[in-house]
Structure formats: structure tokens, C-alpha cells
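# A look at the structure
Each chain, letter by letter, is given below.
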Amino acid sequence: MQLSSLQLKLVPMSGKLYNILVPVDFTAKNKWAIAKAIELSNSFHCNIHLVHVTGRRQRIFNRNNYAEAALEKLVQIKDLYRQQICGEGSIEISVLNGNRQKQLVNYIQQYDMDLVITGLPKFNLIQRIVSSISISRLAKKTNVPVLAIRASGLVCHFKKIVLPVSGEIPMRQIRLATLLGRAYKSTVYFVSLRKHADNKNEQILDKALEVVQSISTIPVQCFLLEGQNLAKSTLEFSKKINADLIMVNPIKDFRLPGLWNRITNKLLSYGSKIPVVTVAQNNMATDTTR
Amino acid sequence: MLTVIIPALNEEKTIAQVINFCRSEPGVSEIIVVDDRSEDTTATIAREAKAKVIISAARGKGISMKEGIEAASNEIIVFLDADIDPYPEKTINKLTTPLLNNEADFVKGAFARNAGRVTELVAKPLLTILFPGLSHFSQPLSGMIAGKKTFFQKIEFFNDYGVDIGILIDMYLMKARVQEINIGYIENKSKPWEALGKMSREVSRAIITKAQGQENNALTMENANSLEVIQREMNNVLRENLSAHQKMIVFDMDDTILKSRYINECADAFGFRPKLEELRFNEKDPIILTKRIGLLLRNRTMDELLHIISNMEMADNIIEVIQNFKQKGYLVGIISHSYTLIANYVKQQIGADFAVAHQLEFFDGKATGEVNLPSYFFGSPDSVCGHSFCKTNALQHVCEKHNVPMKNCIAVGDNKDDRCMVAYAGKGVAFCTKDDLLEKIAYKNIRERNFEPLLALA
């Protein structure tokens, strides 16, 4: 089976992130996404791409002028943040026209982004539903990790990384965790639900541990959590240990329980003040030749 | 009247033409060939061509030049290289006119040419810092010079590649009137890379020695720092330019390129299989295990070890696949925990570019049993994986050496030892592996002993 290069994109392992995308819509939430991107750029010497996609309304009404004004705003943002970059990275800016999701996916594909960072708005139900969907979709469509940051999530390191395990070895999360772990000298906490801790699941936890040890020297701890919902238990555990980052994949297990949460599509990202990175969990070794 | 001096070492092919060229120039009354103890017929041919031949007392261009100067009977002397044929017309005339017109005391011949890496990368940057007055010379290392005997006699000659730049600097320091004259185009063979290192060292030594000898000592700490910066930047630029688009593929050797494990074959041939299995079972530290396995090969001759590898089967289409990768611009290598003797043999057989492995020590053609583990297998603070002893460290080393980003690498391995390397390479391939975690980590799995599917990744 042959998959396209985009589908098979790996989380970078060469100890480096090269390009970070920050979608910009000129609202307050962009600030903390850009701030986090700058922290990462200073650690990994990578480039930050600030991209604004003009919406349908703007396109209908004053397309050219709006695009020019958006570009001008991006230039101002670039000037403002450029001084904070102290590594070898740089800030690139672009204004795109068209469907937001499509344009972002194209940009990620074309310029080989390694990470997307998006700010989460303070409580606003409609925005929450929209951005929850867009985070999961972007992560699934591009296979690029999407880091969601809230105003309170601006810690300048990722010392404690929580990685929930369910069903299969989370290879892509492990790769990202080892990359960040090596840079920030982090500890990775594998968590799984005790109710899942049958033979198969225990083996998966052991194997996940062995994979991390095979490819890095970062410390790892494994925990079996009580509870019925992995997202909820992970969140409680993360709060308890004062975690700095949670890695999830955009499947059902990572939605918080309860009817209201289900209706409003409340992802773990929204219930957490801790930054959450969403990594689509498709198996790495998809291409097998017999 | 002019004297032409031609220092020569093993130049039987061109010496006669150079002498005839000199004779054709008006004003040349004396041609001296200083033979640097050639092993060919240079001296005989020079005598037949009616040149005055001096056999040098010791080898070295500097000594030959000095002996030539002592033997010269004219005040104006021209030095020509013996290996250039043809010289542009009027070379001697152009070199000597400023001297005859009393406009200069020393003339350096410059010529349009096809190479000059040491000039551009070593001599010119050094001269710019230490002797800015000479920085405008387009070819400070040129050996075609002319000057007055009285000036030459005051000079100390270096006896290596530094001789020509040394003369120029001495003339400059003596405040002689120095000119550079363009004499036309000369086809000059580029020196091989190995010779460039020696030449660079000798040229830089000549310039720095002359700078240190000055009263005000031109070589300050600031200059040394500037040189370091230049060297570092030059190195960076060279590395970047040399391999702007380079890609690499590295293979594990045992059970990957080879159809079985080399040490197992040795164990069967020399009868230490039970000991080997016992070691593998009891010793978990990979460094100690490698060292102890090496001891099992003590007193085995190189011939015995090579005989075993020569009888081992390699994957059927490995040679074709490697050729294909090389055609696509890939650097091809082997990273193995086996021994360099064996890895280099396999490298030769399959046409790879490099092999990285451990060094089994030999004395009098027999293995001492000692195994030297190269430093690049060990972790450093910059190590991407952090493992203290790992193939990924070796991969990182070769990537840095050849300036290939790790994301442009393909790594092919088959067992637990290869997991890390396969994970960190841009594209990791599990080849006929029985290790299910390696399969999980790898970007691609090949389950048949056939390397052809690899080409899809190139």
C-alpha cells in the first residue's frame, strides 16, 4: 500500500523541529500561541510561520483591501515579536485566501510544517465547538501535531509530559515526547485506565515503555488510573502531578464525559489549563512490503 | 643578459620543451636546470638540450633555487617551473622588462588558470590579515618569478610549498620594488585533495613564520582569533556547499547486507558457539559484550577472518540497489557493531562509500582479541538519543561529517540494536526483522530478503 508523503509525515526525530505554524486571526488568543511558538523556536532554532486566512465575509466585501490590511497587521506582529527570537529561527508571514481549513492544510503540506500552535479563546461556547472540531480535523488531515494553548498555559518548559495509552502503542506521541523530553529534560508519564488493564493493555504499556527506552534516555513512569473515562482521568492525574503538557489523539477516548460535553464536543484541550497537543495516532509502519 | 633557472624533479616529459622555449627568447644567455635528484632521465635530457645541469645536494625546491642562484652568472634571474608546457609567448620578456627598465627589483608572474584552491582559501586570507600590503596579488603562490641576484642572495628560502610565498614576503619586507605581471593563460593541473592539505600547511607556516619574525610581530592574538573565525566560517560554507542536496542511506551489516551474522559463522568455524551463546545470555552491557566477543577471536589470523566473510552470502540484489542509490545522489554506508576489517571488506564488495564499525586489533597479522570502540559510537551532550553507546551516535557522526541532515537519511536495520537508528533516520526501514517493536518504529517494513522496495524511498 502506498500512501502520500503527507499521510506518512513523521514527527521529526532528528532532535529538531524545523517549522511551526501559528494560524493568526488577530484575536487575543493569538498572543499566547505566538509566545509559545517563540519559546519553542528559541529552544529548537526553528522558523515560525504566521498565517492568516481571509474568511468568506471579508472575501465577499472588500477582498483586496482586507488582504492588504491583514498583511500590514502581520508585518506589525512580526516586528513586535522578532526581537524576542534569540535562536537561528525567523518569522515568516503569509495571507491566504479561501477556505480556512483547506488553506492551512495546503500550507502545512507545501512548507513541511512540524507543529501547529493554536491559542484557545477564553470561554465562548460557539468558538469552543468550532475550534475543537478544527483542532481534531487539522491533526487528522495533516498528521501534524496541533498544540492548543490557553492563556494560563504559558510555562516555558515541558518538564512533565503526560501520555495516555489506550488500544495501541502511541508511536507518534512517543516520538514527539522524546523530542521534547530530550530538549527539556522531561519525564514522560504513561497513563492507562485500570479497567483496561487486561493482559493486552498491560503489554501495550510495557511495549510503549520499551520503545521509549530504545530510542531515548528520558525517564518514564507508568500509571494505571481509576475511572471510566481516559480523558477525565488523565486530566485529573495531570492536575495532580502539575503536568506541563498532555499528549492526546483526536479519537473518542479523549473527549470528556457527560452529555453536555458530548453535545459541545468538549475535547480534553478545553477542559485543561495545561497545554494539550493533539497528535493523530496512525501507525508508523503502514507500508509493508512482503 | 638573463639567466633562467629551472628547478626540476622527475620532469622528463616536459623539460626539453621548457629549455627550448627559454632558448627561443632573446636575451637568455644561460639556462640552468637544477635537478632535484630525479629518478627518471630529467638530467640527461636537460644535458642533451644543452642546459647547464646542477644535481642538487638535497631534495627540496628551496635548496635547488638557492643552488641555482649561486651558479648564475647574470644579475637578472628568471625562475620557471619545469612542468609547464607550453608557456605563453613572451613570458620571459614580460617577466624581465620591469627589471631591465629598473622599475622593479622583483617580478611575480600571474596567469589565468583553472584552479588555485590553496591560493584562494589559505594564502590570500592570511596575507590580508598579516601582510595587507600583499593582499592585492592575484597569485601570490606563483613559481614564475624574476628578480635581481643581489636581492635573492639576501633571502632565506623555505624548502617546501612555502618557498614562493616566502620569497614574495621577504622581498616585500626588504622593501624591494615588487610587481605582478600577467603572462597569459596556463593549463595547470589541480592538485589532489591529499596534496592540498600538505600544501596548505606549508604555505600557512611560511606566512605565519614570516609574520612572527617581524619586529612588531604582526601575529597578534586578535589576528589569531580572526584566523580562527575565517577558518570556521570557511569550513561551514564548504560543508554547506559540498552537500547542499546530499542524502544518505546506511545499512546494518549482519542479517541485513549479509544473510547471516558474521560472528556466528566465526563461532561455527572456530568452535566457540556455546561460549558465544553463554556470553550473549549473561552479559547485558553492550560494550562489555562487544569486548568479550572480541576475545573469542584471539590469535585468529586476518586471512582466516577474511576467508569466513568471503564465504558468506550477501543479499541478492544489494549491489544493484546500491548502484541505483548512488546514481540518485545518495551517499551509501554501513554502520555495524562488527569489525572494521569485515565491514570494509563488505563495503568494497558492494561498492558502498564508507563503513563504520569497531576496530579489532591485530599484531603480526593475528588478532590480539582487543576491540577498540570508536568514540563516535559513544554519546555526547549533543547526542540526539542520549544513549551512551548506540548506532544513532555513529549515524549522527557521519551525518555531521558529510553535512547530511538526519531527516535526509534512510537507515536499514533488522534487530533490537537498530531500533534507535531506524527511529532517528528520516526514513527508517525494518528489514526482515523478527523484532515487533522495530516494525512499529520503522517507517517501512520489508519482509522479504529483497532490497528493491527501498528504491521507492529514494
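All figures in this text were calculated on a predicted structure; none of them were measured in a lab.

Quick notes on the rules
- Residues numbered from 1 in each chain as written.
- Chains lettered and ligands numbered in written order.
- Predicted model: local features only at pLDDT ≥ 70, side-chain atom pairs only at ≥ 80, totals over all residues.
- Heavy atoms only, no water.
- Helix = DSSP H or I, 4+ residues; strand = E, 2+ residues; numbered from the N terminus.
- Buried < 20%, exposed > 50% of the residue type's maximum accessible area, 1.4 Å probe, protein only.
- Contact = heavy atoms within 4.5 Å.
- Areas by Shrake-Rupley, 256 points an atom, 1.4 Å probe, with all protein chains shown as cover.
- Axes fitted to C-alpha atoms, helices over the stretch in contact; angles between N-to-C directions.
- Parallel < 35°, antiparallel > 145°, perpendicular 65-115°, else oblique.
- Left-handed = near helix turned anticlockwise from the far one by under 90°.
- Nonpolar A, V, L, I, M, F, W, Y, C, P; charged D, E, K, R; others polar.
- pLDDT = per-residue confidence, 0-100.
- Salt bridge = Lys/Arg side-chain N within 4 Å of Asp/Glu carboxyl O.
- Phe/Tyr/Trp six-rings, centres within 6.5 Å; stacked < 30°, edge-to-face > 60°.
- Lys NZ or Arg CZ within 6 Å of the ring centre and 35° of its normal.
- Patch = residues over 30% accessible without salt bridge, like charges linked within 9 Å, V, L, I, M, F, W, Y side chains within 5 Å.
- Lys, Arg positive; Asp, Glu negative; His and termini not counted.
- Charge placed at Lys NZ, Arg CZ, Asp CG, Glu CD.

Helix and strand content of chain A: 10 helices and 11 strands. Within chain A, buried positions represent 54% of all 290 residues. At a minimum sequence separation of 6, the contacts of chain A that also span at least 24 residues come to 82%. For chain A, the exposed surface amounts to about 13,200 Å²; the carbon and sulfur share of it is 50%.

Quick look at the packing of helix H14 (residues 302-310) of chain B against helix H16 (residues 340-350) of chain B now. Residues and elements named next belong to chain B. Where H14 contacts H16, the two axes come as close as 10 Å, and the packing angle between them is 45 degrees. Here H16 runs oblique to H14, going by the angle between their axes. As for the relative orientation of H14 and H16, their crossing is right-handed in sense. Between H14 and H16, the contacting residues are Met302, Leu305, Leu306, Ile309 and Ser310 on the first element and Leu341, Ile342, Tyr345 and Val346 on the second. Across the contact of H14 with H16, the residue classes tally to eight nonpolar, one polar and no charged.

Residue and element names in this part refer to chain A. Looking at chain A, the pLDDT average stands at 78 and 72% of residues meet or exceed 70. Long-range and interchain partners of residues 1-9, a stretch whose pLDDT sits below 50, account for 22 contacts in this model, where long-range means more than four residues apart. Residue range residues 283-290 is modelled with pLDDT below 50. Its contacts to residues more than four positions away, or to other chains, number 35 contacts.

Residue and element names in this part refer to chain A. Between helix H1 (residues 29-44) and helix H6 (residues 171-184), whose axes approach to 11 Å, the crossing angle comes to 75 degrees. On the basis of the axis angle, H1 is roughly perpendicular to H6. Taken together, the residues of H6 that come into contact with H1 (itself represented by Glu39, Leu40, Ser43 and Phe44) are Leu179, Leu180, Ala183 and Tyr184. Along the lines of polarity and charge, the residues of the contact of H1 with H6 split into six nonpolar, one polar and one charged.

Moving on, we come to the pattern of salt bridges. Residue and element names in this part refer to chain B. Going through the model one piece at a time under the given rule, you end up with 26 salt bridges over all chains. Among the salt bridges present, the one from Lys52 reaches Glu30, with a minimum N-O distance of 3.7 Å. One end of the pair, Lys52, is in strand S3 (residues 52-55); the other, Glu30, is in strand S2 (residues 28-35), and 22 residues separate them in sequence. Given the relative accessible area of 11%, Glu30 is considered buried. Put simply, Arg419 and Asp435 hold a salt bridge, and the shortest N to O gap is 2.8 Å. One end of the pair, Arg419, is in helix H18 (residues 419-424); the other, Asp435, is in the loop between strand S13 (427-431) and helix H19 (436-441), and 16 residues separate them in sequence. Salt bridges sharing common partners tie together Asp268, Arg273, Glu277 and Arg280.

We now examine the packing of aromatic side chains. Going through the model one piece at a time under the given rule, you end up with 17 aromatic pairs over all chains. When the centroid spacing of 5.3 Å and the interplanar angle of 20 degrees are considered together, the rings of B:Phe21 and B:Tyr87 count as stacked. Of this pair, B:Phe21 sits in helix H1 (residues 15-24) while B:Tyr87 sits in the loop between strand S4 (76-79) and helix H4 (91-100), placing them 66 residues apart in sequence. Judged by its relative accessible area of 14%, B:Phe21 is buried. Connected via pairs of aromatic rings, a cluster forms that spans B:Tyr376, B:Phe377, B:Phe378 and B:Phe389. One Lys or Arg, A:Lys73, reaches over the ring of A:Phe26 and ends 4.8 Å from the middle of that ring. The ring centre of A:Tyr18 lies 4.1 Å from the NZ or CZ of B:Lys407, which sits over that ring.

Residues and elements named next belong to chain B. Mapping Phe137 onto the fold places it in the loop between helix H5 (117-130) and strand S6 (145-148). For the pair Phe137 and Glu180, spaced 43 residues apart in the sequence, the C-alpha separation amounts to 6.9 Å. In contact with Phe137, not counting residues within four places along its chain, are Lys108, Lys124, Leu168, Val178, Gln179 and Glu180.

Residues and elements named next belong to chain B. On the secondary structure map, Val346 appears in helix H16. Considered as a pair, Val346 and Ile334 are 12 residues apart in the sequence and their alpha carbons are 8.7 Å apart. Excluding anything up to four places from it in sequence, Val346 contacts Met253, Ile257, Leu258, Ile309, Met314 and Ile334.

Further remarks concern a positive patch on the surface. Taken together, the side chains of A:Lys102, A:Arg137, A:Lys140 and A:Lys141 make up a positively charged region of the molecular surface. If you trace the backbone, A:Lys102 turns up in helix H4 (residues 100-111).

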